[in-house]
Amino acid sequence: MFAIPEQFSNATKANFESQFALFSSLTNKAFEGVEKFVDLNITAAKASLEESSVATKQLLAAKDPQEFFTLTAAQAQPVAEKAIAYGRHLASIASGTGAEFSKAAESQIAETNRKVISLVDEVSKNAPAGSESAVALFKSALNNANAGYEQFTKSAKAAAETFEANVNAAVNQFTAAAANGAKKQ
């Protein structure tokens, strides 16, 4: 007869466990993203060091100013291309990590909503007579909150897609400008 406090206690415990699982998942995704970012930077730093060493040797071996400037101009295109590739890879890591965050959060929120609705349904079965309107009001508020969350999620996804499209457009424009600059030399 007095199962309602026990139901709330079990629901609170389940909610706490769900939140802990969500935070653990998000923390793991964040560390994976940071790890990819660090790997990218270490690889880029190693490549940059090797390439700058070779370029410096070539420049120091130049016999006259014309050869020096020709070598300098020839190195500009590959450097620009590598910077573009780095930017794309960085954007890919950020986009992938953001998508993983969204995916983890969405699944956890859906599971939490399912549990809350189940609890409300179970509690409403044992609710005293005359409380139907309060239960209906709570369910309505829960549905409105879910609808608001879904709209927020759609807006956030659209913003992320727009950002990614803008980054890709900027990179493509920079690539075209670098290619045109190289052709003019």
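Residues numbered from 1 in each chain as written. Predicted model: local features only at pLDDT ≥ 70, side-chain atom pairs only at ≥ 80, totals over all residues. Heavy atoms only, no water.

(A) Up close: the overall build of the protein. Check the secondary structure of the protein and you find three helices and zero strands. Counted from the first residue to the last, the protein has its helices and strands arranged as α-α-α. Computed over the C-alpha atoms, the radius of gyration of the protein is 28 Å, more than 25% above the 16 Å expected from 2.2 N^0.38 for a compact globule of 185 residues. If you line up the protein on its principal axes, its C-alpha atoms span 95 × 30 × 15 Å. Out of the 185 residues belonging to the protein, those deemed buried represent 15%. If you take every contact in the protein between residues at least 6 apart in sequence, the share linking residues at least 24 apart comes to 81%. Summing over all exposed atoms, the protein offers an accessible surface of approximately 13,200 Å²; the carbon and sulfur share of this is 65%. (Helix = DSSP H or I, 4+ residues; strand = E, 2+ residues; numbered from the N terminus. Rg over C-alpha atoms; globule rule 2.2 N^0.38 Å. Buried < 20%, exposed > 50% of the residue type's maximum accessible area, 1.4 Å probe, protein only. Contact = heavy atoms within 4.5 Å. Areas by Shrake-Rupley, 256 points an atom, 1.4 Å probe, with all protein chains shown as cover.)

(B) Representation of a nonpolar patch on the surface in the model. On the surface, Val34, Phe37, Val38 and Ile42 cluster together into a nonpolar patch covering about 310 Å² of accessible area. Topologically, phenylalanine 37 is positioned in helix H1 (residues 3–60). (Patch = residues over 30% accessible without salt bridge, like charges linked within 9 Å, V, L, I, M, F, W, Y side chains within 5 Å. Salt bridge = Lys/Arg side-chain N within 4 Å of Asp/Glu carboxyl O.)

(C) Spatial organisation of the packing of aromatic side chains. Counted under the stated rule, the structure contains one aromatic pair. Ring plane angle 80° and centroid distance 5.6 Å describe the contact between phenylalanine 68 and phenylalanine 69, whose orientation is recorded as edge-to-face. Under the relative-accessibility criterion, phenylalanine 68 is labelled partly exposed at 33%. (Phe/Tyr/Trp six-rings, centres within 6.5 Å; stacked < 30°, edge-to-face > 60°.)

(D) Fine view of the confidence of the model for the protein. With 92% of its residues at a pLDDT of 70 or more, the protein has an overall mean of 80. No element of the protein has a lower mean pLDDT than helix H3 (residues 132–184), which averages 76, and none a higher one than H1, which averages 85. (pLDDT = per-residue confidence, 0-100.)

(E) Spatial organisation of the environment of alanine 104. Among the secondary structure elements, alanine 104 is positioned in helix H2 (residues 65–125). Along the primary structure alanine 104 and leucine 22 are separated by 82 residues, whereas in three dimensions their C-alpha atoms are 7.0 Å apart. Ignoring any residue separated from it by four or fewer positions in sequence, one finds alanine 104 in contact with Leu22, Ser25 and Leu26.

(F) Structural context of H2. With 61 residues, H2 extends 89 Å from end C-alpha to end C-alpha; this agrees with the ideal 90 Å at 1.5 Å per step. Along H2, the residues classified as buried are Gln77, Ala80, Ile84, Ile93, Ala104, Ala105, Gln108, Thr112, Asn113, Leu119, Val120 and Val123. Capping the start of H2 is the job of one residue whose side-chain oxygen sits 3.2 Å from the backbone nitrogen of glutamine 66: aspartate 64. (Expected span 1.5 Å × (residues − 1). Polar contact = N/O pair within 3.5 Å; in protein donor to acceptor, adjacent residues only side chain to side chain.)

(G) Seen up close, the pattern of salt bridges. The full count for this structure, using the stated rule, is two salt bridges. Note that lysine 29 is salt-bridged to glutamate 100, the shortest N-O span being 3.3 Å. Note that lysine 29 is positioned in helix H1 and glutamate 100 in helix H2, a separation of 71 residues in sequence. The class of glutamate 100 is partly exposed, set by a relative accessible area of 32%. Across the pair lysine 82 and glutamate 51 runs a salt bridge whose closest N-O atoms are separated by 3.3 Å. A residue pair is termed long-range when its members are at least 10 positions apart, and lysine 82 in helix H2 and glutamate 51 in helix H1 qualify at 31 residues.

(H) Quick look at the environment of tyrosine 86. Here tyrosine 86 is to be found in helix H2. Residue tyrosine 86 is classed as partly exposed on the basis of its relative accessible area of 27%. Sequence separation between tyrosine 86 and threonine 56 is 30 residues; the distance between their C-alpha atoms is 22 Å. Contacts of tyrosine 86, omitting those with residues within four sequence positions, involve Phe37, Leu40, Asn41 and Ala44. Within the local environment of tyrosine 86, its side chain forms a polar contact with the side chain of asparagine 41, the two groups lying 2.4 Å apart.

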